Amino acid sequence: MKGELLLLSSVIFLLRVVCGCPTRCHCHSPSRAVDCSRQGLAEIPPDLPPQTLTLHLQDNQIHQLPAFAFRSVPHLRTLNLYNNSLSDLAPGVFHGLQHLQVLNLTQNSLHSLESRLFHSLPQLRELDLSSNNISHLPISLGKPWENLTVFAIQQNQLQQLDRELLESMPNVRLLFLKDNLWKCNCHLLSLKLWLEKFIYKEYQDKERSMRLHDKRRR
Ligand SMILES: *[C@@H]1O[C@H](CO)[C@@H](O)[C@H](O)[C@H]1NC(C)=O
Ligand SMILES: *[C@@H]1O[C@H](CO)[C@@H](O)[C@H](O)[C@H]1NC(C)=O
Ligand SMILES: *[C@@H]1O[C@H](CO)[C@@H](O)[C@H](O)[C@H]1NC(C)=O
């Protein structure tokens, strides 16, 4: 009898581990989304379902993340950390997130970023760093960030942006740069040249697709 009870309680425990949802979150199984927003959380809930694809942690008070913080959710595609209190990110925080496509860090207190930080995110498509206190970005990311199409760094404290960094995002389509402390000097000139090329490329792409469109119509 005792043995059976023990077995039963371990099965229940296992079920809760496998199918459970952290107490302060809502889990939507069909989309594999977990919503832990606005819960006054200071850290990431420890018992996230391992199959999670979307994790909403916005509007909390998370001010620090350890290395491998998201180890328990390796399939994550979208991570929203909007409106938390992060002031710096340890290298290795995002380790293991091989499939992450959207990372939203808007409205935190970040002041600088290391290039190593994003090395572990090969699939990243959208990175939003708006409304932080970033005054410093790495000069380059080491290797091209082929999959990045959206890069937002508006409302920060940047005075310059290196051309090399932008060149490491060959497929970027949307750039949000406004409301920084841009300093008008030679550094900014290289950004200006890059932007001119970027706008021209964009224009050519449009022309090309219009021409294709015309051909099809004929
Ligand atoms: C940010 O989150 C806090 C809760 O931690 C909330 O009270 C506040 O309204 C949020 N701010 C914005 C701009 O959404
Ligand atoms: C990040 O979150 C903010 C606030 O919800 C939103 O305005 C912004 O579009 C998001 N960025 C991306 C890249 O999804
Ligand atoms: C970009 O994403 C594709 C799959 O979507 C992946 O095969 C490729 O390795 C990624 N690029 C980089 C530089 O990792």
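Structure first, text after, so check above.
(A) Seen up close, the sheet that holds strand 3 (residues 54-56). Taken in spatial order, the eight strands of this open sheet run 1-2-3-4-5-6-7-8, and their pairing is mixed. Two strands bound the open sheet, and with one partner strand each, they are strand 1 (26-28) and strand 8 (174-176). Averaged over all adjacent pairs, the angle separating strand axes in this sheet is 5°, with direction ignored. Pairing geometry for strand 1 and strand 2 (residues 33-35), over three bridges, is antiparallel. Paired with His-26 across the strands is Asp-35, a residue of strand 2.

(B) Structural detail: the site of ligand 3. Surveying the vicinity of ligand 3 reveals the residues Pro-122, Gln-123, Arg-125, Glu-146 and Asn-147. Residue Arg-125 places a side-chain N or O atom 3.5 Å away from an oxygen atom belonging to ligand 3. Surface burial for ligand 3 is 53%, taken as the share of its 360 Å² of free accessible area covered by protein chains.

(C) Just the site of ligand 1, in detail. The environment of ligand 1 is made up of Arg-38, Asp-59, Asn-60, Gln-61, Tyr-82, Asn-83 and Gln-107. For ligand 1, an oxygen atom lies 3.4 Å from a polar atom in the backbone of Asp-59. Burial of ligand 1 by the protein amounts to 54% of the accessible area it has alone, namely 370 Å². Partitioned by chemical class, the residues of the shell around ligand 1 number one nonpolar, four polar and two charged.

(D) Spotlight on the pattern of salt bridges. Under the criterion given, the structure shown has four salt bridges. Glu-196 is paired through a salt bridge with Lys-192; the nearest N and O atoms lie 2.8 Å apart. Taken together, the positions of Glu-196 and Lys-192, both in helix 3 (residues 186-217) and four residues apart, correspond to about one turn of that helix. For Glu-196, a relative accessible area of 40% gives the class partly exposed. Residue classification places Lys-192 among the partly exposed residues on the basis of a relative accessible area of 44%.

Parameters at a glance
Residues numbered from 1 in each chain as written. Chains lettered and ligands numbered in written order. Predicted model: local features only at pLDDT ≥ 70, side-chain atom pairs only at ≥ 80, totals over all residues. Heavy atoms only, no water. Pairing = 2+ DSSP bridges. Helix = DSSP H or I, 4+ residues; strand = E, 2+ residues; numbered from the N terminus. Axes fitted to C-alpha atoms, helices over the stretch in contact; angles between N-to-C directions. Near = heavy atom within 4 Å. Polar contact = N/O pair within 3.5 Å; in protein donor to acceptor, adjacent residues only side chain to side chain. Areas by Shrake-Rupley, 256 points an atom, 1.4 Å probe, with all protein chains shown as cover. Nonpolar A, V, L, I, M, F, W, Y, C, P; charged D, E, K, R; others polar. Salt bridge = Lys/Arg side-chain N within 4 Å of Asp/Glu carboxyl O. Buried < 20%, exposed > 50% of the residue type's maximum accessible area, 1.4 Å probe, protein only.

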